[in-house]
Each structure stands twice: as structure tokens, then as C-alpha cells.
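Close look at the chain arrangement
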Amino acid sequence: MISATTDAMSVVLVWQALGPGRRHEVLDDRGEEFMVARLTYPADQAAQAINDLDEQCDTHGVLREDVPGG
């Protein structure tokens, strides 16, 4: 079954593969409409990591938003 979380997981996995030291932890994927994940990356790659994430979200049609307290 393809759902919003399937697309979101695709974004996360591709994003992680694009840079060394990138990691993810899925915090909540119980719904079919959203997924909450913690993404980490080396500080010196912040600009590129965020840019890559935005590009992957656009490619997969995924809306992302920052969640405070991460």
C-alpha cells in the first residue's frame, strides 16, 4: 500500500544516502497522512543537508515542516 508515509520514507532514505554521516530516526509513522522523523547530519554539512532535503521533498511531493523540541 502506498501512502504519504511511504513517500516520506523514500525522501528520508534518499536524503540519507546523499551525504556521509546523515542519520534518521522515525518517531511516529502510525498515520497514513504523516510521518515524524528526527534527521541528524554533521554541522559542517547543514546547508547542503537542508538543500538536499528540500529537493527530495519537492521531487516526491512531500510537505515537510520543522517540529520544535527535536
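Residues numbered from 1 in each chain as written. Predicted model: local features only at pLDDT ≥ 70, side-chain atom pairs only at ≥ 80, totals over all residues. Heavy atoms only, no water.

Remarks on the overall build of the chain
The number of helices and strands found in the chain is 2 helices and 2 strands. Its helices and strands in sequence order give the chain the pattern α-β-β-α, from N to C terminus. A total of 70 residues make up the chain; the buried ones form 26% of that total. Taking the contacts inside the chain whose residues are at least 6 apart along the sequence as the reference set, 46% of them involve residues at least 24 apart. When the accessible surface of the chain is summed, it comes to about 4900 Å², and 52% of that surface belongs to carbon and sulfur atoms. Positive and negative side-chain charges in the chain, numbering 5 and 13 respectively, have mean positions lying 8 Å apart. (Helix = DSSP H or I, 4+ residues; strand = E, 2+ residues; numbered from the N terminus. Buried < 20%, exposed > 50% of the residue type's maximum accessible area, 1.4 Å probe, protein only. Contact = heavy atoms within 4.5 Å. Areas by Shrake-Rupley, 256 points an atom, 1.4 Å probe, with all protein chains shown as cover. Lys, Arg positive; Asp, Glu negative; His and termini not counted. Charge placed at Lys NZ, Arg CZ, Asp CG, Glu CD.)

Remarks on helix α2 (residues 46–60)
For α2, with 15 residues, the first-to-last C-alpha span of 21 Å sits near the 21 Å given by 1.5 Å per residue. Within α2 the residues assigned to the buried category are Ala49, Asp52, Leu53, Gln56 and Cys57. Buried residues along α2 cover an arc of 135° about the axis, so they all sit on one side. In α2, the exposed positions that point more than 90 degrees away from the buried face belong to Ala47, Asp58 and Thr59. Packing partners of the buried residues in α2 comprise α1 (4–17) and β2 (36–40). (Expected span 1.5 Å × (residues − 1). Arc of directions from axis to C-beta.)

What about the confidence of the model for the chain?
When pLDDT is averaged across the chain, the result is 91; 96% of the residues are at 70 or more. In the model of the chain, α1 stands out as the element of lowest mean pLDDT, 93, in contrast to α2, which has the highest, 96. (pLDDT = per-residue confidence, 0-100.)

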